[in-house]
Amino acid sequence: MKPSRDIERLLEIMAALRTPETGCAWDLAQDFRTIAPYAIEEACEVVDAIERADYVDLRDELGDLLLQVVFHAQMARERDLFDFGGVVEAVTTKMIRRHPHVFGEREQRTPEAVEGVWAEIKAQEKAEKAAARRASGLPEQARQGYLADIPAVLPALTRAIKLQEKASKVGFDWNDARLVLAKIREECDEVEEALDRGDMAHVAHEIGDVLFAVANLARHARADAEQALRACNAKFERRFHFIERELKRQGKKLGEASLAEMDALWDEAKAQEGADG
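Presented here is an overview of the structure given in this document. These figures come from a predicted structure and were not determined experimentally.

**A look at the overall build of the chain**
Check the secondary structure of the chain and you find twelve helices and zero strands. Sequence-ordered secondary structure for the chain, helices as α and strands as β, is α-α-α-α-α-α-α-α-α-α-α-α. Over its C-alpha trace the chain gives a radius of gyration of 25 Å, far above what one expects of a compact globule, namely 19 Å for 277 residues. In the chain, which comprises 277 residues, the proportion classed as buried is 21%. A separation threshold of at least 6 residues defines the contact pool for the chain, and within that pool the share at least 24 residues apart is 46%. Carbon together with sulfur atoms contributes 57% to the accessible area of the chain, which is approximately 19,500 Å² in total.

Take a look at the structure:
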């Protein structure tokens with residue numbers, strides 16, 4: 001078995017790994033549920049490579065993500081559910097259908113108009129999928145309602161924004177970012193009240209409200225909340241590493257320095273970056 005640029009070789013490798021008796025014991029032991037977390041992990045690693053502008057890594061990480069698709073398709077083929085060709089056919093059908101201004105007779109539209117067409121077509125697809133489920137004897141999807149198509153397994157911050165965006169399309173939204181900022185202050189006050197009462201269960205509940213409101217503020221400010229938080233994480237990591245380096249230079253280890261010493265080094269790192277945050 002030799003490497004190849006042909007997708008068929010990847011399908012052959014996956015089938016070989018899943019062949020009883022001669023395949024890989026680990027691969028054979030997997031099922032849809034056990035493999036699902038790896039799809040999330042690999043997608044995150046794709047994003048990480050993009051954030052680092054590491055295109056060598058990006059090529060490899062995209063391959064790892066593709067492998068997850070191939071793995072699921074192979075398991076589905078073994079159960080006579082669908083195969084990789086069916087996956088490709090489904091997505092090509094969807095892309096052609098959702099771009100009538102490119103592949104059909106509709107005229108070219110603005111990005112905003114295209115989004116509107118997508119919403120119409122997705123609603124049709126949702127109804128067709130529900131009918132297909134009923135025809136196949138499958139149960140109705142457990143989650144119902146206007147927001148039900150936003151996956152529950154998305155990262156919480158991303159899902160919060162998607163929930164808010166969809167609710168805003170039917171008019172359920174703030175009309176001024178400053179009102180959201182006021183809501184954040186209100187939620188922070190409620191966190192403080194819960195802390196004063198020593199009600200830690202309620203503190204956690206109120207912190208959730210604060211995070212949801214902050215995500216809403218990012219959306220209103222047209223800031224990518226995930227990217228903003230990743231940048232903040234990187235900044236924290238960079239400055240903390242400066243503290244670690246400087247302590248080592250002074251012959252100290254982390255845990256041996258006082259908070260005041262570490263705060264002073266933090267301020268030094270911040271000053272070197274010329275940052276306000």
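**With respect to the packing of aromatic side chains**
Overall, the coordinates contain three aromatic pairs when judged by the stated rule. A centroid spacing of 6.0 Å and a plane angle of 80° characterise the contact between Trp26 and Tyr38, whose relative ring orientation is edge-to-face. Of this pair, Trp26 sits in helix 2 (residues 25-28) while Tyr38 sits in helix 3 (residues 32-51), and the two are twelve residues apart along the sequence. Take Trp26: its relative accessible area is 43%, and that puts it in the partly exposed class.

**A few points about the state of the cysteines**
Summed over all chains, the structure comprises zero disulfides. Take Cys232: it sits in no disulfide, and the sulfur closest to it among the cysteines is that of Cys188, at 15 Å. Accessibility expressed as a relative area gives 37% for Cys232, which makes it partly exposed.

**Looking at the pattern of salt bridges**
Between side chains of opposite charge, a pair can form as their charged atoms come close. One pass over the full model with this rule turns up 17 salt bridges. Residues Asp176 and Arg178 are paired through a salt bridge, measuring 3.7 Å at the closest nitrogen-oxygen approach. The partly exposed category is assigned to Asp176, whose relative accessible area is 29%. Accessibility expressed as a relative area gives 66% for Arg178, which makes it exposed. Among the salt bridges present, the one from Arg230 reaches Glu226, with a minimum N-O distance of 3.9 Å. With Arg230 and Glu226 both in helix 11 (residues 225-249) and four residues apart, the pair spans about one turn of that helix. Looking at Arg230, the relative accessible area reads 30%, which means it is partly exposed. Residue classification places Glu226 among the partly exposed residues on the basis of a relative accessible area of 22%. When salt bridges with common partners are traced through the structure, they connect Asp48, Arg52, Asp54 and Asp57 into a single cluster.

**Structural notes on the side chain of His99**
On the secondary structure map, His99 appears in the loop between helix 5 (84-97) and helix 6 (100-103). In contact with His99, not counting residues within four places along its chain, are Gly104 and Trp118.

**A short note on helix 11**
Taking 1.5 Å per residue, 25 residues should reach 36 Å; helix 11 reaches 36 Å between its end C-alpha atoms and fits that length. All buried positions along helix 11 are accounted for by Ala225, Arg239, Phe242, Ile243, Glu246 and Leu247. Lining the buried residues of helix 11 we find helix 8 (156-168), helix 10 (200-220) and helix 12 (259-273). Directly after helix 11, the chain includes Gly251, whose backbone phi takes a positive value near 80°.

**Brief notes about the environment of Ile40**
Here Ile40 is to be found in helix 3. Using a relative accessible area of 44% as the deciding quantity, one classes Ile40 as partly exposed. Separated by 113 residues in sequence, Ile40 and Val153 have C-alpha atoms that sit 9.1 Å apart.

About the cut-offs
Residues numbered from 1 in each chain as written. Predicted model: local features only at pLDDT ≥ 70, side-chain atom pairs only at ≥ 80, totals over all residues. Heavy atoms only, no water. Helix = DSSP H or I, 4+ residues; strand = E, 2+ residues; numbered from the N terminus. Rg over C-alpha atoms; globule rule 2.2 N^0.38 Å. Buried < 20%, exposed > 50% of the residue type's maximum accessible area, 1.4 Å probe, protein only. Contact = heavy atoms within 4.5 Å. Areas by Shrake-Rupley, 256 points an atom, 1.4 Å probe, with all protein chains shown as cover. Phe/Tyr/Trp six-rings, centres within 6.5 Å; stacked < 30°, edge-to-face > 60°. Disulfide = S-S within 2.5 Å. Salt bridge = Lys/Arg side-chain N within 4 Å of Asp/Glu carboxyl O. Expected span 1.5 Å × (residues − 1).

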